[in-house]
Amino acid sequence: MGYKDVYESWQQDPDAFWMSAADAIDWDRKPTKALFDDNAPIYEWYSDGLVNTCWNAVDRHVEAGRGDQAAIIHDSPVTHTKHEITYAELRDRVASLAGALRARGIEKGDRVIIYMPMVPEALEAMLACARLGAVHSVVFGGFASNELAVRIDDAKPKAIIAASCGIEPGRVVHYKPLVDGAIEQATHKPEFCVIFQREQEVARLIEGRDFDWHGFQYGVEPADCVPVEGNHPAYILYTSGTTGAPKGVVRATGGHLVALNWTMKNIYNVDPGEVFWAASDVGWVVGHSYICYAPLIHGNTTVVFEGKPMGTPDAGTFWRVISEHNVRSFFTAPTALRAIKREDPNGECLKDYDISGLRALYLAGERADPDTIEWAQRIMGVPVYDHWWQTETGWTIAGNPTGIEAMPVKIGSPTVAMPGYDVQILDEAGHPVAPGTLGAIAVKLPLPPGTLPTLWHAEDRFRKSYLTTFPGYYETGDAGMMDEDGYLYIMARTDDVINVAGHRLSTGAMEEVLAGHPDVAECAVIGVTDQLKGQLPVGFVCLTKGVDRPHSEVTAECVKLVRDKIGPVAAFKLAVVVDRLPKTRSGKILRATMVKIADNQEFRPPATIDDPAILDEIRDALEGIGYGPK
Ligand code: COA
Ligand code: AMP
């Protein structure tokens, strides 16, 4: 069957399609049907099944004779170490950690926050939660205490599992003081913390509250897998929205297992036993789905890479990892390739390695620019497949289903909708538009298994954010178009979300931080185009009346404030003082126009602009920091 047949078979009988995909999962009790729509437009999948994620990702492979196969390869150029963990070892390690958590009172439904760098223990912590039916929420290490505190107050975890430190090139990131600071700041207090002490930095433990990862497991009874209902939350992953309050995307257990397992062959074209590598971080959705869960559920070997595409030690690191571990399918963000291309445009570093085992490169997380795709194709000698999805969906909305049929690539398009997704381009009134016309990208409800059923304890926000603008559809927040052949083109976000080095960030959240500076009366943050990171945030601040300080002092404080409050990952390094912000007569800040000026693009100021002269001031300010007219 080709792509069209498979897509049509889903359209004709979605329930049969997803029940057949569910056969690849070990259920403790089989679900009687796939979709549960009694509470539409809130949908659930496999609700009356009973299942355990950890069993499916670990134990069942040991039972099936894969015990000696590597489950995880940790390749860490920043610590100069490499090691493998087999499926049998992984089972024992996870059962022991889960046993220790259970002995301290962690049960099905309890939340556990995980704040760890790219070490196998991060995956083990996730799997140990899954084993007990506890709901984990992994927080990316590049977020500061304040962001961690916000997540603690929302998820209300019984425990936090953290590492003593992370390692960024040139510096050790002190995780433990960040955890302590967050707990102090948060209203909700977890009962205990488990700290994985790394050699590079041994953290001070607080007696009675903090336990050492190893000591804590001493003498405990290993835990068995606890079956949970198909609609039981597997995890919460916070992602950026329009405001400073992140959205707690919920992933339900049954759909997560079925959908991720389906993608490994059909989209990434790997068979069990083969090595799959996603160069991302466990703190992002790509890390959840494609470093941890999907490869393990499918019986692959996953690579946990702790390093950067360049500088650890050089621009050949990715090629070394692919050749040394015989990676068959490789997934990363375009920004990582741009970083390599900048250091090694002719691919000299690749000459030292044999990457002939690699079948394809998959790109996602941000727009894949044609230059980068063509460069990667030429240098690496494999097909490059762009695919488009989001934290909310957990897996590909549009991609190239190479395991079914490799569709002809149209550079600039992530290809076609996957089964499960009825993707439509809508005008402002919610009517489908003609092929080739730009509009809001929406998905007809229900979304497929594995996508978010709701936001954590915020169903109203879920409805408002995603289901209200276009009744009967899920609003993706992206704008784009579809051509006559059904190929999608993703053009821009329709909200205040920007994408910096493949990391999703909220300009609204940054504005909230800047507004907290005592000398800032008003501010705006926009995302400007950046050759390496795709976008970079730039802040414009208007000073409070009477403030008479050097502008450079205020902007330096603004930069520090965002780093301290949101974290280094915000990559907020550019701020300028302006007298006024351009606005419409009704007071709406013209951010989109400011972006156009910064990117040196043609634009027409909206007819509703209050004072067009302010645009010249913005242009001058941008010129002062190297943006705008060249
Ligand atoms: N813990 C602590 N700090 C972190 C961090 C972590 N896990 N990850 C990043 N940071 C810090 C970086 O050190 C940097 O700090 P600096 O301002 O002191 O230099 C800052 O956050 C910004 O990080 P980033 O934007 O990632 O820049 P970078 O220069 O460190 O790396 C790339 C740039 C392109 C190499 C890197 O972002 C990359 O490889 N991205 C692609 C893969 C990926 O992560 N994709 C995610 C979604 S698929
Ligand atoms: P995240 O939730 O962090 O995965 O970010 C999702 C957002 O990143 C999407 O809504 C898009 O705006 C953007 N994005 C992800 N993949 C692509 C892609 N292949 N092409 C264009 N934009 C993408």
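Anything mentioned here points back to the structure above.
Chemist: Even after reading the chapter, I still don't get the site of ligand 2, so can you show me in this structure?
Modeler: Contacts to ligand 2 come from 15 residues, most closely from D386, T391, D478, R493 and R504. Within the side chain of T391, a nitrogen or oxygen atom sits 2.5 Å from an oxygen atom of ligand 2. Taking 490 Å² as the accessible area of ligand 2 by itself, protein coverage stands at 92%. Looking at the shell around ligand 2 residue by residue, the classes come out as four nonpolar, five polar and six charged.

Chemist: How should the site of ligand 1 be read in this particular structure?
Modeler: The immediate surroundings of ligand 1 are formed by 25 residues, with E168, R171, K533, R563 and K573 found nearest. G142 is positioned with one of its backbone polar atoms (N or O) 3.4 Å from a nitrogen atom of ligand 1. Within the side chain of K533, a nitrogen or oxygen atom sits 2.9 Å from an oxygen atom of ligand 1. Here ligand 1, which alone exposes 940 Å², has 85% of that area covered by the protein. When residues of the shell around ligand 1 are traced back to their parent elements, those giving at least two are β11 (171-174) and α11 (334-343). Class assignment of the residues belonging to the shell around ligand 1 gives a composition of 13 nonpolar, six polar and six charged.

Chemist: Whenever I open this one, unusual backbone geometry confuses me. Can you help?
Modeler: Apart from glycine, the bulk of residues carry a negative phi angle, and the bulk of peptide bonds sit in the trans form. The amide bond that connects A40 to the next residue, P41, takes the cis arrangement and shows omega of 10 degrees. For P41, the location among the structural elements is in the loop between β2 (35-36) and β3 (44-45). The omega torsion across L445 and P446 is 0 degrees, close enough to zero to call that bond cis. A positive phi angle is found at H80, which is not glycine, with a value near 55 degrees. By the secondary structure assignment, H80 is in the loop between β5 (70-76) and β6 (81-86). Given a relative accessible area of 73%, H80 falls into the exposed group. We note that H457 has phi near 50 degrees; this positive angle belongs to a residue other than glycine. Relative to the assigned elements, H457 resides in the loop between β25 (439-444) and α13 (459-467). By relative accessible area, which is 66% here, H457 ends up exposed.

Chemist: Looking at this structure, I do not really get the sheet that holds strand β17 (residues 275-278). What am I missing?
Modeler: Whether parallel or antiparallel, the strands of a sheet pair through hydrogen bonds between backbone atoms. Here seven strands make up an open sheet; going across it, the order is β6-β5-β18-β17-β19-β20-β21 and the pairing mixed. This sheet does not close on itself; its edge strands, each paired only once, are β6 and β21 (384-386). In this sheet, adjacent strand axes meet at a mean angle of 20 degrees when their direction is disregarded. Sheet strands in contact with helix α9 (residues 285-297) are β5, β17, β18 (301-305) and β19 (327-332), and its direction is about 150 degrees off that of β18.

Chemist: I tried to follow the sheet that holds strand β24 (residues 423-426) on my own but got confused; where do I start?
Modeler: Read from one edge of the open sheet, four strands run β24-β25-β26-β27, paired in antiparallel fashion. Of all the strands in the sheet, the pair left with one neighbour each is β24 and β27 (488-493). Each strand axis lies, on average, 50 degrees off the axis of its neighbour in the sheet, ignoring direction. Across four bridges, the pairing between β24 and β25 is antiparallel. Looking at β25, one finds that L426 is bridged to A440.

Chemist: Would you take a moment to explain the nonpolar core for this structure?
Modeler: Considering soluble globular proteins, one finds that nonpolar side chains tend to be buried as a cluster. Membership of the largest hydrophobic core comes to 117 residues, with the highest contact counts inside it found for W18, L101, M116, L127, Y290, F331 and W395. If we ignore the near neighbours within four places in the chain, the residues touching L101 are I106, A128, L132, I161, F192, V194 and F216. W284, L505, V520 and L622 belong to the second-largest nonpolar core, a separate cluster that totals 63 residues.

Chemist: What is the right way to look at the pairing of β25 in this model?
Modeler: For a regular strand, side-chain orientation follows a simple rule: the groups alternate between the two sheet faces. For β25, the tally of buried residues reaches five of six residues, placing the bulk of the element in the interior. One ladder, built from five bridges, connects β25 with strand β26 (residues 473-482); its direction is antiparallel. Bridged to A442 within β26 is E475.

Chemist: Looking at this structure, how should I read the packing of helix α1 (residues 3-12) against helix α2 (residues 14-22)?
Modeler: For any two helices packed against each other, the geometry is given by the interaxial angle and the distance between the axes. Running from amino to carboxyl end, α1 crosses α2 at an angle of 115 degrees, the nearest separation of the two axes being 5 Å. Overall, the two elements α1 and α2 adopt an arrangement that is roughly perpendicular. Mapping the contact onto sequence places V6, S9, W10, Q11 and Q12 in α1 and P14, F17 and W18 in α2. Its residues assigned to classes, the contact of α1 with α2 comprises five nonpolar, three polar and no charged.

Chemist: Just checking my understanding: could you explain helix α3 (residues 53-66) for this structure?
Modeler: An α-helix turns once every 3.6 residues. As a result, residues three or four positions apart point the same way. The axis of α3 is deflected most strongly, by about 40 degrees, at D59. Taken together, the buried positions of α3 are occupied by T53, C54, N56, A57, V58, D59, R60, H61 and V62. Packed against the buried residues of α3 are β4 (50-51), α4 (87-103), α5 (120-132), α8 (253-266) and α9. Between the side-chain oxygen of the N-cap and the backbone nitrogen of C54 there are 2.8 Å, and the N-cap of α3 in question is N52.

Chemist: Can you help me understand the environment of L622 in this one?
Modeler: Considering the arrangement of structural elements, one finds L622 in helix α17 (residues 613-624). Judged by relative accessible area, L622 falls into the buried class, the value being 0%. Residues L622 and V538 lie 84 residues apart in sequence; the distance between their C-alpha atoms is 9.1 Å. If sequence neighbours within four positions are ignored, L622 has contacts with F540, M594, I597, A598, Y627 and G628.

Chemist: For this particular structure, what's the right way to read the packing of aromatic side chains?
Modeler: Aromatic ring pairs are described here by two measures, namely the spacing of the ring centres and the angle between the planes. Using the criterion set out here, one finds 35 aromatic pairs in the structure. Ring centres of W277 and F330 lie 4.4 Å apart, and the angle between their planes is 25 degrees; this geometry places the pair in the stacked category. In this pair, W277 is assigned in strand β17 and F330 in strand β19, connecting sequence segments 53 residues apart. For the pair W277 and F330, a shared accessibility class is recorded, and that class is buried. Between Y290 and F331, the aromatic rings sit 6.0 Å apart at their centres with planes inclined by 45 degrees, giving tilted as the arrangement. Here F331 lies in strand β19 and Y290 lies in helix α9, a separation of 41 residues in the sequence. The two residues Y290 and F331 agree in class, both being buried. Pairwise contacts between aromatic rings join Y268, F276, Y290, F331, Y362, Y385 and W389 into one cluster. The ring of F36 carries the charged tip of K33 above its face, separated from the ring centre by 4.6 Å. Sitting over the ring of F143, R151 keeps its end group 4.7 Å from the ring centre.

About the thresholds
- Residues numbered from 1 in each chain as written.
- Chains lettered and ligands numbered in written order.
- Predicted model: local features only at pLDDT ≥ 70, side-chain atom pairs only at ≥ 80, totals over all residues.
- Heavy atoms only, no water.
- Near = heavy atom within 4 Å.
- Polar contact = N/O pair within 3.5 Å; in protein donor to acceptor, adjacent residues only side chain to side chain.
- Areas by Shrake-Rupley, 256 points an atom, 1.4 Å probe, with all protein chains shown as cover.
- Nonpolar A, V, L, I, M, F, W, Y, C, P; charged D, E, K, R; others polar.
- Helix = DSSP H or I, 4+ residues; strand = E, 2+ residues; numbered from the N terminus.
- Buried < 20%, exposed > 50% of the residue type's maximum accessible area, 1.4 Å probe, protein only.
- Pairing = 2+ DSSP bridges.
- Axes fitted to C-alpha atoms, helices over the stretch in contact; angles between N-to-C directions.
- Contact = heavy atoms within 4.5 Å.
- Core = buried A, V, L, I, M, F, W, Y, C linked by side-chain atoms within 4.5 Å.
- Parallel < 35°, antiparallel > 145°, perpendicular 65-115°, else oblique.
- Bend = angle between axes of the 7 residues up to and from the residue.
- Phe/Tyr/Trp six-rings, centres within 6.5 Å; stacked < 30°, edge-to-face > 60°.
- Lys NZ or Arg CZ within 6 Å of the ring centre and 35° of its normal.

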